[in-house]
Structure formats: C-alpha cells, structure tokens
Amino acid sequence: MQLVKLFTGLEGQTEVLEQEINGWVQNTGAKIIQVTGNIAPQSTGQGTSSDGLGGGGRPPSDLFVVVLYEV
C-alpha cells in the first residue's frame, strides 16, 4: 500500500527538516518511492528577522516536502 507523509520547515533551518525526515524513515522503515518539495514565501510579521538564504531583510520561506512511501 502506498501512503503519503507531509513535512514542513523553514528555509533557514533545512538541517532540522532533514533530521526530521531521516529520523522518520529510520524509525518507520518506510520504503521511499518518491520525494518532492516546494518552497513558498512566508507571511511577514513585525519583528521578523531574515533567516533566508539571500538575507536582504526578508523572512525565511516555508518549505514543504511530500514523501510517497510503502509499508
């Protein structure tokens, strides 16, 4: 049976997202079929600092990763 797992993170914290995904794979023993992702602008709030890749005073973007897997 094929299933989908969704992960979200921030552009400036990709290592955290990688650890979350890799830990999930190791803990579940899931057989990965496909991984896709998307990056989208994050809504700006007052007092938000830039953690984005390009800096420049903009907030970091949202990351979205979709893992298609089998159990």
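Residues numbered from 1 in each chain as written. Predicted model: local features only at pLDDT ≥ 70, side-chain atom pairs only at ≥ 80, totals over all residues. Heavy atoms only, no water.

In terms of nonpolar packing, the biggest core is built from nine residues, these being F7, L17, I21, W24, A30, L63, V65, V67 and Y69. Elements with a contribution of two residues or more to this core: α1 (14-28) and β3 (62-70). At four residues, the largest contribution of residues to this core is made by β3. L17 has contacts with F7, T8, G9, L63 and V65, leaving out every residue within four places of it along the chain. (Core = buried A, V, L, I, M, F, W, Y, C linked by side-chain atoms within 4.5 Å. Buried < 20%, exposed > 50% of the residue type's maximum accessible area, 1.4 Å probe, protein only. Helix = DSSP H or I, 4+ residues; strand = E, 2+ residues; numbered from the N terminus. Contact = heavy atoms within 4.5 Å.)

Taken as a whole and judged by the stated rule, the model has two aromatic pairs. Summarising the aromatic geometry, the rings of F7 and W24 are spaced 5.7 Å apart at their centres and angled 70° between planes, so their arrangement reads as edge-to-face. With F7 in strand β1 (residues 2-10) and W24 in helix α1, the pair connects residues that are 17 residues apart, well separated along the chain. With respect to class, F7 is no different from W24; both count as buried. With a centroid separation of 4.8 Å and an interplanar angle of 80°, the aromatic rings of W24 and Y69 are classed as edge-to-face. (Phe/Tyr/Trp six-rings, centres within 6.5 Å; stacked < 30°, edge-to-face > 60°.)

By themselves, these figures tell us nothing about what the structure is for.
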